[in-house]
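Report on the structure
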Amino acid sequence: MNSSCYVSELFYYPVKSLKGICLEKAEIDDFGMRNDRRFMLIDDKNKFVTQRTHPQLSQLNVGLTHSATDVLDSISIYGHSIARLNFNMDQFTGSEASMSKVTVWSDSVEACILENNETQCLSEFLGLNVKLAYMPSTSFRQIDRQYCSEDKRVSFADGYPFLLTSEASLRDLNTSLKQAVAMTNFRPNIVISGDVSAYAEDLWKRIVIGNITFELVKPCSRCVMTTIDSNGLKSEDKEPLITLSKSRKNDFGICFGQNLLHLSTGEIQKGDLVTFE
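An account of the accompanying structure is given in this report. Because the structure is a prediction, the values reported are computed rather than measured.

**Focus on the overall build of the protein**
Along its length, the protein carries four helices and 18 strands. Relative to a compact globule of 277 residues, whose C-alpha radius of gyration would be 19 Å, the protein shows 18 Å and is just as compact. For the protein, the C-alpha atoms occupy an extent of roughly 55 × 40 × 35 Å along the three principal directions. Out of the 277 residues in the protein, the part that is buried amounts to 55%. When contacts within the protein are restricted to residue pairs at least 6 apart in sequence, those whose partners lie at least 24 apart make up 66%. For the protein, the exposed area adds up to about 12,900 Å²; of that, 46% sits on carbon and sulfur atoms.

Written as structure tokens, this is what we have:
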């Protein structure tokens, strides 16, 4: 179906649970958005660490640098309360790192693990000993077979390569809140706007952006992370979860947005028209 719906925002999150980066255009590879959640903080048991238990992670920014040939060279983590920490990609493949299984939710996957002076700074910031894990292209984490019968990979994202939200849905939600929340509370990859009604995305099966077709797999169930602002503070009234629970609760949980699978690789950009069926 044709529409005047378009992509208004694009985000990716190189380190799971840290701040996202806004993009004008995004390269789509096998994992999803290039470099999206390929890195993750883990504890001493190699289990993932997120804002759910350490909301101060929302204060941390991420930067990436690339070589002249557009190969990822390094990643940096920084914030108001922590100096810029630099990690070269060579460190993840050299003797300084180890290769081991890490856990994200119920999945176990091979990752390159780095523990050094920089991760010690992160540990002191969090009050928890952490290491930085990187998922190389040689590792494969399968998307939940309950919703995807094909061999499809995903990075350290919660479950799917993409999360889509709409500005119309957020406007509708904010009319019911005493204090409006930002779209960044929901950590989307693709935000759509234009001629589309609130929660219309619930009814779509597929969308096309540019030359890439996406399947809408399931609604995205939401958690306490939607109540955490960029200063690492949780809303005292547990909003927007309380309001969402009154009208957006279903068999999947309290939902806002849709999880997507991409059926090919390529590039999408802000302003691209979105067609749906």
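After that view of the structure, there is still more to cover.
**Looking at the environment of N211**
Looking at where N211 falls in the secondary structure, it is placed in the loop between strand 13 (206–209) and strand 14 (212–221). Separated by 53 residues in sequence, N211 and S264 place their C-alpha atoms 8.6 Å apart.

**What to know about unusual backbone geometry**
A cis amide bond links E239 to the next residue, P240, at an omega of 15 degrees. Mapped onto the secondary structure, P240 falls in the loop between strand 14 and helix 4 (241–247). Notably, S17 is not glycine yet its phi reads approximately 80 degrees, a positive angle. In this fold, S17 is placed in the loop between strand 1 (6–12) and strand 2 (21–23). Although it is not a glycine, R187 sits at a positive phi angle of roughly 50 degrees.

**A word on the nonpolar core**
Counting 51 residues, the largest nonpolar core has I190 and I207 as its most contacted members. Discounting chain neighbours no more than four positions away, the residues touching I190 are V7, E9, L10, M33, F162, L163, L164, T165, I209, F214, L260 and I268. Formed by 14 residues, the second largest nonpolar core is a distinct cluster that contains L173, F186, L244 and F256.

**Description of the sheet that holds strand 9 (residues 107–114)**
Here four strands make up an open sheet; going across it, the order is 4-10-9-8 and the pairing antiparallel. Strands at the two margins of the open sheet, each flanked by one partner only, are strand 4 (39–42) and strand 8 (97–104). Ignoring which end each strand starts from, the neighbouring axes of this sheet average 45 degrees apart. Here eight bridges tie strand 8 to strand 9, and the two strands are oriented antiparallel to one another. Bridging across to strand 9, V104 finds its partner in D107.

**Looking at the pattern of salt bridges**
Tallying each qualifying case throughout the model produces eleven salt bridges. Residue D158 is joined to K16 by a salt bridge in which the shortest nitrogen-to-oxygen separation is 2.6 Å. Remark: K16 occurs in the loop between strand 1 and strand 2 and D158 occurs in the loop between strand 10 (131–134) and strand 11 (162–166); sequence separation between them is 142 residues. Given the relative accessible area of 5%, K16 is considered buried. Ionic pairing is found between R206 and E215, a salt bridge with its closest N-O pair at 3.0 Å.

Criteria and cut-off values
- Going along each chain's sequence as written, the residues are numbered from 1 onward.
- Since the coordinates come from a predicted model, pLDDT governs what is reported: local features require at least 70, and pairs of side-chain atoms require 80 or more to be given and counted, while whole-chain, interface and lining totals use all residues.
- Excluding hydrogens and water, the side-chain figures rest on all heavy atoms present in the structure.
- Counting from the N terminus, the helices are the DSSP runs of H or I reaching at least four residues and the strands are the DSSP runs of E reaching at least two.
- Here the globule rule is a power law, 2.2 Å times the number of residues to the power 0.38, and the radius of gyration is based on C-alpha atoms.
- Each residue gets one of three labels from its accessible area relative to the maximum for its type: buried under 20%, exposed over 50%, partly exposed in between, using a 1.4 Å probe on protein chains only.
- It only takes one pair of heavy atoms within 4.5 Å for two residues to be counted as in contact.
- Areas reported here follow the Shrake-Rupley algorithm with a probe of radius 1.4 Å; residue values treat only the protein chains shown as occluding.
- By nonpolar core is meant a set of buried Ala, Val, Leu, Ile, Met, Phe, Trp, Tyr and Cys residues that side-chain atoms within 4.5 Å join together.
- Two strands form a pair only when DSSP identifies at least two bridges running between them.
- The axes are straight lines fitted to the C-alpha atoms, using for helices just the contacting stretch, and the angles between their N-to-C directions are given from 0 to 180°.
- Salt bridge criterion: a side-chain nitrogen from Lys or Arg within 4 Å of a carboxyl oxygen from Asp or Glu.

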